[in-house]
Amino acid sequence: MKPSATQEEVDAVVARIESVDAKAHRSTGDEVTVIGVVGDLEHIERLELEGHAGVDRVMRILKPYKLASSQFRQDQQSVLEIAGRRIGGEHFALIAGPCTVESRDQLLTAARDMVAGGASMLRGGAYKPRTSPYAFHGLGQEGLRLLAEAKEESGLPIVTELMDVRDLEAVTEVADVIQIGARNMQNYTLLTEVGRSGVPAIIKRGLSSTIEELLMAAEYVLKEGNENVILCERGIRTFETAYRFTLDLTAIPVIKELTHLPVIVDPSHAAGRRVLVEPLSLAAAAVGADGIIVEAHPNPDEAICDGPQQIVSADFPRFAAKVELAANLAGKSISAPAGV
Ligand code: PEP
Ligand code: MN
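Now for a description of the structure that goes with this document.

The rules behind the values
- Residues numbered from 1 in each chain as written.
- Chains lettered and ligands numbered in written order.
- Predicted model: local features only at pLDDT ≥ 70, side-chain atom pairs only at ≥ 80, totals over all residues.
- Heavy atoms only, no water.
- Core = buried A, V, L, I, M, F, W, Y, C linked by side-chain atoms within 4.5 Å.
- Buried < 20%, exposed > 50% of the residue type's maximum accessible area, 1.4 Å probe, protein only.
- Helix = DSSP H or I, 4+ residues; strand = E, 2+ residues; numbered from the N terminus.
- Contact = heavy atoms within 4.5 Å.
- Pairing = 2+ DSSP bridges.
- Right-handed = clockwise from strand over helix to strand, strands pointing away.
- Phe/Tyr/Trp six-rings, centres within 6.5 Å; stacked < 30°, edge-to-face > 60°.
- Lys NZ or Arg CZ within 6 Å of the ring centre and 35° of its normal.
- Donors = N, O, S within 2.8 Å, 3.2 Å for Na, K, Ca; no water.
- Near = heavy atom within 4 Å.
- Polar contact = N/O pair within 3.5 Å; in protein donor to acceptor, adjacent residues only side chain to side chain.
- Areas by Shrake-Rupley, 256 points an atom, 1.4 Å probe, with all protein chains shown as cover.
- Nonpolar A, V, L, I, M, F, W, Y, C, P; charged D, E, K, R; others polar.
- 1 Å grid on protein atoms, 1.4 Å probe; cavity = no way out; pocket = protein on both sides within 12 Å on 5 of 7 lines; lining within 4 Å.
- Points joined across faces, edges and corners; volume = space filled by probe spheres on them.
- Domains from an automatic or database assignment.

1. Some remarks on the nonpolar core
Logical step 1: Of all hydrophobic cores here, the largest spans 71 residues; its most connected members are I178, I203, L231, I292 and F316.
Logical step 2: Among the elements that line this core, the one with the most residues is helix 7 (residues 211-223), at seven residues.
Logical step 3: Every residue in contact with L231, bar those within four places of it in the chain, is listed here: I203, L214, L215, A218, I255, T259, L261, P262, V263 and I264.
Logical step 4: Counting 13 residues, the second largest nonpolar core, distinct from the first, contains I87, I95, V177 and C232.

Structure, rendered in structure tokens:
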């Protein structure tokens, strides 16, 4: 729309789009409103929107992901605000916590260490995707209850994984951000339901997924009107076996060229070993990531799951201070509550 377009003109264009059963996604920026149109191309072309009052120009987005594409936001990065924390642009999110919620003591101790290190959010899984059906699959409802307690005590927003749409309601009662795990990146019914819930989501890149597939996964959530999507590079499968996965750092600047969405890095699952987490975190900040999600445990040697890769939570403040320096070098600051 033209910068001078009135609200009535925007509404009239949206009504016109909806009259042919196409979907209109409004994106209101500081200067202009962009209306994303998704629907049958023939019908949309027949609307002849160019001539409509207030319309500046009509552009076709050629990428298969439309709402996720940089073009949709005219190359402006999206800055999301989640529970008072900003992510994207100049705001670097420091998300940390245990792989799995194991006990009240474990979670609350970790949460206190995260607060001491100035974390932006607390992570912890109550529902865990495990390779073996015989492994521990998380505390479920009890884990969610403990996360609610940790949130109350620490004031940190909660990131936790949703694996099954049947748990959506219970998970969204405590989660500020729903994590879609790497193994569920292409679970399209799950993505659609998370889109409909409107709850912010982190979508982790599948173990063998291309960047385009990741962006298409984001499109499923965006299509339902949920604009709060964060992408996460967590390592991919390659021929290399010396570490758990290959952290695809090149993907960060490449994804940021293709999309306006924030992109974070999970160094823990990529590394598989604690000593690698710090250098990979610093590298993530250096290549322009909008944040990291790191596993930290009070006593990783006794962790039920992913022990070798979890950093010792008491060491988190020291670790966080180094990451902050790297983020600062990249022109970002650690995301703290709005106004602080
Ligand atoms: C996790 O974050 O604990 C996890 C299981 O991650 P991913 O889905 O990336 O393997
Ligand atoms: Mn884990």
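2. Points about the pairing of strand 7 (residues 158-161)
Logical step 1: With burial as the criterion, each face of strand 7 is covered, one bearing I158 and T160 and the other bearing V159 and E161.
Logical step 2: In this sheet, strand 7 lies alongside strand 6 (residues 121-123) in parallel orientation, the contact comprising two bridges. Of the residues in strand 7, the one forming a bridge with R123 is V159.
Logical step 3: Following the backbone out of strand 6, through helix 4 (residues 141-154) and into the adjacent parallel strand 7, one traces a crossover that is right-handed.
Logical step 4: Where strand 7 lies against strand 8 (residues 177-180), three bridges are found, and the strand directions are parallel. For E161, the partnering residue across the bridge sits in strand 8 and is Q179.
Logical step 5: One crossover worth recording links strand 7 to the parallel strand 8 by way of helix 5 (residues 168-174), and it is right-handed.

3. Quick look at the packing of aromatic side chains
Logical step 1: Counting across every chain of the model gives two aromatic pairs.
Logical step 2: Aromatic side chains Y188 and Y220 sit 4.4 Å apart centroid to centroid with 20° between the ring planes, which places their arrangement in the stacked category. On the criterion of sequence distance, the pair formed by Y188 in helix 6 (residues 188-197) and Y220 in helix 7 is long-range, its members being 32 residues apart.
Logical step 3: For the ring pair F316 and F319, a centre distance of 6.0 Å and an interplane angle of 40° mean the geometry is tilted. With F316 and F319 both in helix 11 (residues 316-329), this residue pair falls three residues apart, about one helical turn.
Logical step 4: Just above the ring of F245 sits the side chain of R234; from NZ or CZ to the centre is 4.3 Å.

4. Observations concerning the coordination of the manganese ion (ligand 2)
Logical step 1: The protein atoms that coordinate the manganese ion (ligand 2) are C99 (SG), H269 (NE2), E295 (OE) and D306 (OD), at distances of 2.0 to 2.4 Å.
Logical step 2: All donor residues of the manganese ion (ligand 2) come from one chain, and their arrangement in sequence is C-x169-H-x25-E-x10-D. Highlighted residues: H269 in helix 9 (residues 267-271) and D306 in the loop between strand 12 (291-297) and strand 13 (311-312), separated in sequence by 37 residues.
Logical step 3: Classification of H269 as buried rests on a relative accessible area of 8%.

5. Thoughts on the site of ligand 1
Logical step 1: Surveying the vicinity of ligand 1 reveals the residues C99, R123, K128, P129, Q179, G181, A182, R183, K204, R234, H269 and E295.
Logical step 2: Q179 is positioned with one of its side-chain polar atoms (N or O) 2.9 Å from an oxygen atom of ligand 1.
Logical step 3: A distance of 3.2 Å separates an oxygen atom of ligand 1 from a polar atom in the side chain of H269.
Logical step 4: Burial of ligand 1 by the protein amounts to 97% of the accessible area it has alone, namely 300 Å².
Logical step 5: For the shell around ligand 1, the residue count by class is three nonpolar, three polar and six charged.

6. Looking at the layout of surface pockets
Logical step 1: Quantified by volume, the largest pocket comes out at close to 930 Å³.
Logical step 2: Around the largest pocket, the lining comprises 31 residues; the ones closest to its centre are I35, V37, V58, M59 and R60.
Logical step 3: Of all the secondary structure elements, the ones that give two or more residues to the lining of the largest pocket are helix 1 (7-18), strand 2 (33-38) and helix 2 (41-46).
Logical step 4: Counting residues per element, the lining of the largest pocket draws most heavily on strand 2, at six residues.
Logical step 5: Taken together, the residues of the lining of the largest pocket sort by class into 19 nonpolar, five polar and seven charged.
Logical step 6: Estimates place the volume of the second largest pocket at around 500 Å³.
Logical step 7: Forming the walls of the second largest pocket are 18 residues, and the residues nearest its centre are T28, G29, D30, R73 and Q76.
Logical step 8: Taken together, the residues that form the lining of the second largest pocket break down as five nonpolar, nine polar and four charged.
Logical step 9: Two domains share the lining of the second largest pocket, each providing at least three of its residues, namely domain 1 (7-60) and domain 2 (80-334).

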